[in-house]
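Breakdown of the fold
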Amino acid sequence: MGLSNDPRLEFHDIQGLVQRGYKELPAAEYILLKVTDAKRARAWLSRLADRIEPATAPGRDKRDRTSALHIAFTWEGLRALGLNQDILSQFPRAFREGMATVHRERLLGDRGASSAANWHWGSAPCRENGNGEERWHTDLHLHLAVLVYAKDDLILRRTKDSVLAELETIRLQKITTLDTVFLAGPERDPTGSPNGPKEHFGFRDGIAQPHIAGMPPPEDGQAIPENAIATGEVLLGYANAYREMPEGPTDANGRGFGRNGTFLVFRQLHQDVAGFWSYVARQAAAKGGSAVELAAKMVGRWPDGTPLVESPTGPQTALQTQNRFVYAGHEPHPDRFGFRCPIGSHIRRTNPRDSPRDPSDDNPKKSLELANQHRIVRRGRSYGKPLVPDMDPTKLMASTNDGAERGLHFICLNAAIDRQFEFIQNLWANNPKFGGLYDDPDPLIGVLDGERATFTVQQEPVRCTYSDMPRFVQVRGGAYFFLPGIAAIRTLAGLSG
Ligand code: N7H
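Nothing here was measured: the structure is a model prediction, and the numbers come from that model.

1. Points about empty space enclosed by the protein
A complete count under the given rule lists 2 cavities of 30 Å³ or more for this structure. Its boundaries defined by the atoms lining it, the second largest cavity holds a volume of some 60 Å³.

Take a look at the structure:
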């Protein structure tokens, strides 16, 4: 994509979460708060600003950190803290309105049990905007999220308590706290450690991330040219893929309140683990195949993380965190038609890399460039007790639904919510015609209007179609936040009025 000059990034000002997912800090909790007294909240914020973990310049990583704190604000939160209207109005529309509008419910597929009306947090009873044009549920009382990461549960509790201790005196109202769990699988990674983090269906997660220009390569250390994205695809104040400044409160030089900030999309996604594995087991038995193989085809990786395009017949320990691959131009086995990794699998449709956009398209380089205009940095964590402790697919398959609440606190970072997160969910995951398919939404997170969906496995001589696929993931809550630069947090803390 020719990102010629990597900008010099102001690492000290960028919240560290942009740079890393803190795998070394497996304990985490998110605290959602409402500001009731702006003056006291700002005083608290000025103390907290000194404790926010910044990003670090290449080679300067602090490997001995035992905890990390981050803070993000909704648009209503920035307003409640007294940010002026001129700055507030410069934020993009999606962020200003929030996730739970009637328009976005349609766009994201949040209906039925996933409708904002049924969320546990992030929504409120439906209101109109005064002239009857738009209705929304976005919770105007949800103002900020404190994200706490720690090396173990004890340090997590101490860190969290130190944040919460002041809440009463500063009159911040706790809306909810969301806990997380670190899941590991039965396999070993190449160092002999348990394979993880896993998500509740039993697959290794948190592998593929874009490489933001100017940042060190993502945590797995794989600097892959195909994976590079412009700084402004994630951070405000820098040029994006179109060589323009992302929309937000910065001036033409990228300076201003928005600089070094990013939008944080938060979705609490409930997973029906027993439902997923019983569907897969039933379908595989009916068609005479392996259930784990079918599940891997739905994801695009084997449970241990091995990408199917690299190893379609089974997992390989050395490839568990492999992210150096494309599809159409894959060497030595190009997979243009999805015979190795199905076209409709979760990872291929949420990042199609160089896959043809439709069957007639034959320009992998162009496809890759276009796909890279819709990337996100994923920072999610699982929550809830696993259905079986060691996440072994055979045991997951043998379990019945225990009715427990478990899933993924999906978090992603991007500079343009509409062109990145919403595009992926709406035009790739929910699109039944994706890549020339017919009625196949994303098998994990896609939503088809009304009826049950199909999953297609491309193979010769004829493709195999798995029908009557229910929805395995439901939305329990969500909001759009802004994760500002650290100087911007100090600006907020210093406001008067
Ligand atoms: Fe997805 N899963 O368990 O199957 N995801 N995801 N995701 N996801 C990925 O590469 C999962 C969700 C992306 O660059 C892996 O880290 C589950 C949403 C993207 O190759 C696995 C849920 C969105 C990628 C899962 C869920 C995305 C990705 C492979 C919900 C965006 C990287 C491991 C409960 C709207 C693709 C890895 C690439 C990978 C799962 C949600 C997007 C295992 C269970 C909502 C961009």
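Having seen it, we continue.
2. Here's the deal with the pattern of salt bridges
Taken as a whole and assessed by the stated rule, the structure comprises 26 salt bridges. Close ionic contact of Glu24 with Arg65 constitutes a salt bridge, the shortest N to O distance being 2.8 Å. Remark: Arg65 occurs in the loop between helix H1 (38-49) and strand E2 (67-73) and Glu24 occurs in the segment before strand E1 (27-35); sequence separation between them is 41 residues. Residue classification places Glu24 among the partly exposed residues on the basis of a relative accessible area of 32%. With relative accessibility at 5%, the residue Arg65 sits in the buried group. With a shortest N-O distance of 2.3 Å, Arg47 and Glu166 are connected by a salt bridge.

3. Observations regarding the coordination of the iron atom of the ligand
Of the protein atoms, His346 (NE2) alone serves as a donor to the iron atom of the ligand, at 2.1 Å. Here His346 lies in helix H10 (residues 346-350).

4. With respect to the packing of H1 against helix H14 (residues 486-493)
It is the contact of H1 with H14, at a shortest axis distance of 8 Å, that shows an interaxial angle of 155°. Between H1 and H14, the angle falls in the class roughly antiparallel. Crossing angle aside, the handedness with which H1 passes H14 is left-handed. Between H1 and H14, the residues in contact are Arg42, Leu45, Ser46 and Ala49 and Ile486, Ile489, Arg490, Leu492 and Ala493, respectively. Residues that form the contact of H1 with H14 fall into these classes: 6 nonpolar, 1 polar and 2 charged.

5. Quick notes on helix H11 (residues 364-371)
For H11, the full list of buried residues reads Ser367, Leu368 and Ala371. Buried positions in H11, seen along its axis, are confined to an arc of 100° and lie on one side of it. For H11, the secondary structure elements touched by its buried residues are helix H13 (421-429).

6. Brief notes about the environment of Thr313
Among the secondary structure elements, Thr313 is positioned in the loop between helix H9 (291-299) and H10. Considering only alpha carbons, one finds Thr313 and Glu293, 20 residues apart in sequence, at a separation of 8.3 Å.

7. Describing the site of the ligand
The full set close to the ligand counts 27 residues, and Ile207, His346, Arg353, Arg378 and Leu444 are the nearest of them. One nitrogen or oxygen atom from the main chain of Ile207 is found 2.5 Å from an oxygen atom belonging to the ligand. Those elements that place two or more of their residues in the shell around the ligand are strand E9 (262-271), H10, strand E12 (407-414) and H13. Within the shell around the ligand, the residues separate by chemical class into 15 nonpolar, 6 polar and 6 charged.

8. Quick notes on the nonpolar core
Counting 93 residues, the largest nonpolar core has Trp44, Ile71, Phe91, Val146 and Phe276 as the members making the most contacts within it. Here this core takes 7 residues from helix H8 (residues 273-287), the largest share from any one element. Sequence-distant contacts of Phe91, defined by excluding residues within four places in its chain, comprise Trp75, Leu78, Leu83, Arg96, Glu247, Pro249, Phe257, Phe263 and Phe482.

9. Some details on the confidence of the model for the chain
Confidence along the chain averages 93 in pLDDT terms, with 96% of residues attaining 70 or more. Confidence drops under pLDDT 50 across residues 1-5; counting only partners more than four residues distant or on other chains, this segment forms 12 contacts.

10. Some remarks on the packing of H8 against H9
Taken N-terminus to C-terminus, the directions of H8 and H9 make an angle of 120°; their axes are 8 Å apart at the nearest point. As H8 packs across H9, the resulting crossing turns out to be right-handed. Between H8 and H9, the contacting residues are Phe276, Trp277, Tyr279, Val280, Ala281, Gln283 and Ala284 on the first element and Ala291, Val292, Leu294, Ala295 and Met298 on the second. Its residues assigned to classes, the contact of H8 with H9 shows 11 nonpolar, 1 polar and no charged.

Analysis parameters
Residues numbered from 1 in each chain as written. Predicted model: local features only at pLDDT ≥ 70, side-chain atom pairs only at ≥ 80, totals over all residues. Heavy atoms only, no water. 1 Å grid on protein atoms, 1.4 Å probe; cavity = no way out; pocket = protein on both sides within 12 Å on 5 of 7 lines; lining within 4 Å. Points joined across faces, edges and corners; volume = space filled by probe spheres on them. Salt bridge = Lys/Arg side-chain N within 4 Å of Asp/Glu carboxyl O. Helix = DSSP H or I, 4+ residues; strand = E, 2+ residues; numbered from the N terminus. Buried < 20%, exposed > 50% of the residue type's maximum accessible area, 1.4 Å probe, protein only. Donors = N, O, S within 2.8 Å, 3.2 Å for Na, K, Ca; no water. Axes fitted to C-alpha atoms, helices over the stretch in contact; angles between N-to-C directions. Parallel < 35°, antiparallel > 145°, perpendicular 65-115°, else oblique. Left-handed = near helix turned anticlockwise from the far one by under 90°. Contact = heavy atoms within 4.5 Å. Nonpolar A, V, L, I, M, F, W, Y, C, P; charged D, E, K, R; others polar. Arc of directions from axis to C-beta. Near = heavy atom within 4 Å. Polar contact = N/O pair within 3.5 Å; in protein donor to acceptor, adjacent residues only side chain to side chain. Core = buried A, V, L, I, M, F, W, Y, C linked by side-chain atoms within 4.5 Å. pLDDT = per-residue confidence, 0-100.

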